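Spelled out, the chains give:
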Amino acid sequence: MNTRMDFLLAWAQVGRGWAYRENEGVGIYTLPSFCAASGIDHGFSAKIGGVSKAPFAGLNLSFTNDDRAAVLENYRRFCRGAGIPPDSLVMDSYEHGTTVLRVDKKDRGRGHTRESLPPCDGLVTNDPAVTLITGHADCMAFYFYDPVKRAIGLCHAGWRGALGRIGGNVIQTMQREYGTDPRDLICGVGPSICPQCFEVGEDVCQQFEAAFPLCPLRGKNGKGNPTVDLWQVAACQFLEQGVRPERIELMGVCTRETANLYSYRREGRTGGMAAFLRLV
Ligand SMILES: [Zn+2]
């Protein structure tokens, strides 16, 4: 991928799709391509069904600021509704950076019922005893599945992480740790702030343009302020590593515009959702 045309041709092949289900009062968003793949379970939580009080009201899965007992109860409900073994969770520690850690069964409970992991926004594993969890409010969740080497990766990509190519870093970590061939990967992006809603300062827009010169990522909103298409930024960093465009799927669901999702941009002080991915 060397020219803007290369990117645009690949971008046109990137899939869009999402599904939503409710179980035991818990809402879960999913990627159709990941649902169709065998050997994994994944999803992204919605706001409904929890015990947290305003301004976190609902199924808040972020321990930041909210009552810890309420969030733990929300996790109990989330695990029951999503069919996740509650003692299998390993959570990122959320540094808004690009660090990716390999985890396995000895890390179960880290960031949940045990001490946090060292600073990291990305996790990889090949251990079916582990459920990877990352936290989100408007930030992207990147999902990676290598069905050949039976390995998975999940990361939180805020704008700084996306700019720093944390997605590319997850893929490189999977290559190094598990021998993953990027052409075998399927990749997905969860609900997150959409290209029209992600208003930025001119300086931030220019940083993205400098880092991703092949992407026509700059837009303008109704107020005339610059916007950045983070979904292009996501796809671009997967494509750069050799992922096939038709194996990338974006949910295309905007957190700011969707009432049953928490959104930092819409609500300010608010709760968070969780992305999860596990081998089954
Ligand atoms: Zn939007």
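Conventions and cut-offs
Residues numbered from 1 in each chain as written. Predicted model: local features only at pLDDT ≥ 70, side-chain atom pairs only at ≥ 80, totals over all residues. Heavy atoms only, no water. Pairing = 2+ DSSP bridges. Helix = DSSP H or I, 4+ residues; strand = E, 2+ residues; numbered from the N terminus. Axes fitted to C-alpha atoms, helices over the stretch in contact; angles between N-to-C directions. Contact = heavy atoms within 4.5 Å. Buried < 20%, exposed > 50% of the residue type's maximum accessible area, 1.4 Å probe, protein only.

## Considering the sheet that holds strand β2 (residues 19-23)
As summarised here, the arrangement of the six strands in space is β2-β3-β4-β15-β8-β5, forming an open sheet in which the pairing is mixed. Edge positions in the sheet fall to β2 and β5 (89-91), since each of these pairs with one other strand and no more. The mean inter-strand angle of the sheet, taken between neighbouring strand axes irrespective of direction, is 30°. Two strands pair when backbone bridges link them, and strand β4 (residues 40-45) and strand β15 (residues 273-279) are joined in this way by five bridges, in the antiparallel orientation. Its bridge partner lying in β15, F44 is registered against A275. Where helix α3 (residues 68-82) meets the sheet, it contacts β2, β3 (26-30), β4, β5, β8 (131-136) and β15, and its direction lies at approximately 60° from that of β3.

## Some details on the pairing of strand β10 (residues 151-157)
Most of β10 is tucked away, with seven of its seven residues classed as buried. Here β10 shows two buried faces, one formed by A151, G153, C155 and A157 and the other by I152, L154 and H156. Of the pairings in the sheet, the one linking strand β7 (residues 122-125) to β10 comprises four bridges and is antiparallel in character. If you follow L123 over to β10, its bridge partner there is L154. Where strand β9 (residues 140-146) folds back onto β10 in an antiparallel hairpin, the turn is made up of four residues, including R150, whose phi is positive at roughly 55°.

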